[in-house]
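Survey of secondary and tertiary structure
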Amino acid sequence: MSNTVIVGAQWGDEGKGKIIDFLAKKVDAVVRFQGGSNAGHTVVVNNEKFIFHLIPSGILHPGKKCIIGNGVVVDPKILIAEIEDLKSRGIKVDDLYLSSQAHIVMPYHMEIERLEEEQRGEGKIGTTKRGIGPAYTDKIARRGIRVADLLERETLTQKLKINLEFLKNFYGLNLSLKNALEEYLQYGRKLKRYITDTSMLVYELMREGKNVLFEGAQGTLLDVDHGTYPYVTSSNPTAGGVCTGVGIGPTRIDKVLGVAKAYVTRVGEGPFPTEIKGEIGEILKNRGKEYGSTTGRPRRCGWFDGVVLRYAVRINGLDGLILTKLDVLDTLDKIKICVAYKYKHQVIREFPSQPRIWQECEPIYEEMEGWKEDTSKVTRSKDLPWKAKKYLKKIEEEGGVPIHLLSVGPQRGDLLVLD
Ligand code: GDP
Ligand code: IMO
Ligand code: MG
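It should be emphasised that the depicted structure is a prediction, and the values quoted were computed from it without experimental measurement.

What about the site of ligand 1?
In the vicinity of ligand 1 lie 19 residues, with Lys16, Gly17, Thr42, Asp327 and Ser407 positioned nearest. Separating an oxygen atom of ligand 1 from a side-chain N or O atom of Asp13 is a distance of 2.9 Å. One of the side-chain N or O atoms of Asp327 is found 2.8 Å from a nitrogen atom in ligand 1. Isolated, ligand 1 exposes 580 Å² of accessible area, and the fraction of that covered by the protein chains is 94%. Mapped by element, the contributors of at least two residues to the shell around ligand 1 are α1 (16–24) and β3 (41–45). For the shell around ligand 1, the class distribution of residues is 4 nonpolar, 8 polar and 7 charged. Looking at the shell around ligand 1, you find at least three residues from each of domain 1 (3–99 + 195–256) and domain 3 (260–417).

Next comes the structure, spelled out in structure tokens:
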């Protein structure tokens, strides 16, 4: 396998964790490049469920390097808890590497986020409350605390002073320097063995001809530049985020694959043209167990959106697609697929850049016959019901890219390689 990027092609929770776990066995390293513990990536092995927030989803494979790149924002408390949890379940966490340049999510980021969401009222984003937005804000405003700072008392003291002063002046928050300093120095001591220059590490792996997998969190439509702004996350989950989030050049990437669900879900607020409000939405939510892996919130469900897929193909330069959760559609009589949007008598086939259109457009659907057979036990693509094959073909036509892998259940083995 070559150096491959895996990104979410919709609004997140496409099943990236499961796919990364599958592909990890063929590579030497798995690298997270953006986001933070807002991510919840699920891997199910022999009915045992693992949900990864910060640790790359390749960690269940011994000997694979799992790398957290500089573009990630790290809550050290959550990272340490994740490491401890894995160890207590018998998983070795020896091959974990944490960028010294990644930014730290502090408790005050959560507090700022809470205040901001409160102030937005009806217009709230519906964030995961993990402090992600404020942590990236501090990074861009050049007052962020980085992983390496946790190892230097003097630097951390200095940076905390600046930040606490800022919090007092702008938010009226009075926080104790002493408590925060000792707590975060302690986290630094716990994480020290993992901290390194991860850009150099990835560069050297590639120079030795090793294969690297880049694990996207969130999804294309949650990208701060290309998503449904402002209802987005605060990083670049699209393929472009890999270069800055890891510290490698674009010429080092060989392949980009998108993960999409056979329908669409979204958690949090914001436009969602193909959202189904009613019975079928409930069926998808229940059969797909569509509750957030990080927050437990119910996910909004909708029909597959070909316009969104074409957009994800364009923005990420997708070479191919991995489709998940086909089995969730098994019981439906009819299945709709959105091929375009209608906006004021206009037919729009490409994802529009104007927020007004996302809010007010009407999806144009093509209706297909449901296959009404259990696909979850199918192990060879040729044994799929022909109506399911037709649905997959339609998705490929809409996106203009082939589907390489098909997932038909949450377990590690519930995966078909397509011709
Ligand atoms: P991620 O954030 O993209 O890694 O996705 P999540 O883990 O948040 O959500 C995907 C959910 O769907 C998880 O509960 C997975 O166990 C589950 N899942 C993944 N693939 C399939 C599939 O093909 N069929 C079914 N029924 N569940 C799946
Ligand atoms: P994975 O990696 C689905 C959504 C939140 C909210 C918006 C902003 O598991 O696919 P944030 O906390 O990032 O500031 O919230 O983004 N969101 C996700 N939705 N999957 C995720 O991650 C998400 N991470 C953030 O619900 O709408
Ligand atoms: Mg998730």
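The structure having been displayed, the exposition proceeds.
Description of the site of ligand 2
With respect to spatial proximity, 20 residues lie near ligand 2, and among them Asp13, Lys16, His41, Thr128 and Thr233 are the closest. At a separation of 2.7 Å, an oxygen atom of ligand 2 approaches a polar side-chain atom of His41. One of the side-chain N or O atoms of Thr233 is found 2.6 Å from an oxygen atom in ligand 2. Protein chains bury 98% of the 550 Å² of accessible surface belonging to ligand 2 in isolation.

What about the side chain of Ser57?
Assignment of secondary structure puts Ser57 in the loop between β4 (48–52) and β5 (65–68). A polar contact of 2.7 Å, which involves the side chain of Ser57, links it to the side chain of Glu215. Excluding residues that lie within four positions of it along the chain, Ser57 makes contacts with Gly17, Ile20, Asp21, His41, Val43, Phe52 and Glu215.

Notes on the UniProt feature "binding site: Mg(2+)" (unreviewed entry) in the chain
Within this structure's numbering, the places UniProt gives as "binding site: Mg(2+)" (unreviewed entry) are Asp13 and Gly40. Spatial clustering of the annotated residues is evident: they stretch over 28 residues in sequence, but the largest pairwise C-alpha distance comes to 7.6 Å. Mapped onto the elements, Asp13 comes out in the loop between β1 (4–8) and α1. Taking the relative accessible area as the measure of exposure, Asp13 reaches 21% and is therefore partly exposed. With residues near it in sequence (within four places) discarded, Asp13 still touches Gly40, Lys261, Thr265, Val267 and Arg299. Take Gly40: it is sitting in the loop between β2 (29–32) and β3. Contacts of Gly40, omitting those with residues within four sequence positions, involve Asp13, Ile51, Phe52, His53, Ser293 and Thr294.

Scoring rules and cut-offs
- Residues numbered from 1 in each chain as written.
- Chains lettered and ligands numbered in written order.
- Predicted model: local features only at pLDDT ≥ 70, side-chain atom pairs only at ≥ 80, totals over all residues.
- Heavy atoms only, no water.
- Near = heavy atom within 4 Å.
- Polar contact = N/O pair within 3.5 Å; in protein donor to acceptor, adjacent residues only side chain to side chain.
- Areas by Shrake-Rupley, 256 points an atom, 1.4 Å probe, with all protein chains shown as cover.
- Helix = DSSP H or I, 4+ residues; strand = E, 2+ residues; numbered from the N terminus.
- Nonpolar A, V, L, I, M, F, W, Y, C, P; charged D, E, K, R; others polar.
- Domains from an automatic or database assignment.
- Contact = heavy atoms within 4.5 Å.
- UniProt positions renumbered as here; feature names shortened; annotations may be inferred.
- Buried < 20%, exposed > 50% of the residue type's maximum accessible area, 1.4 Å probe, protein only.

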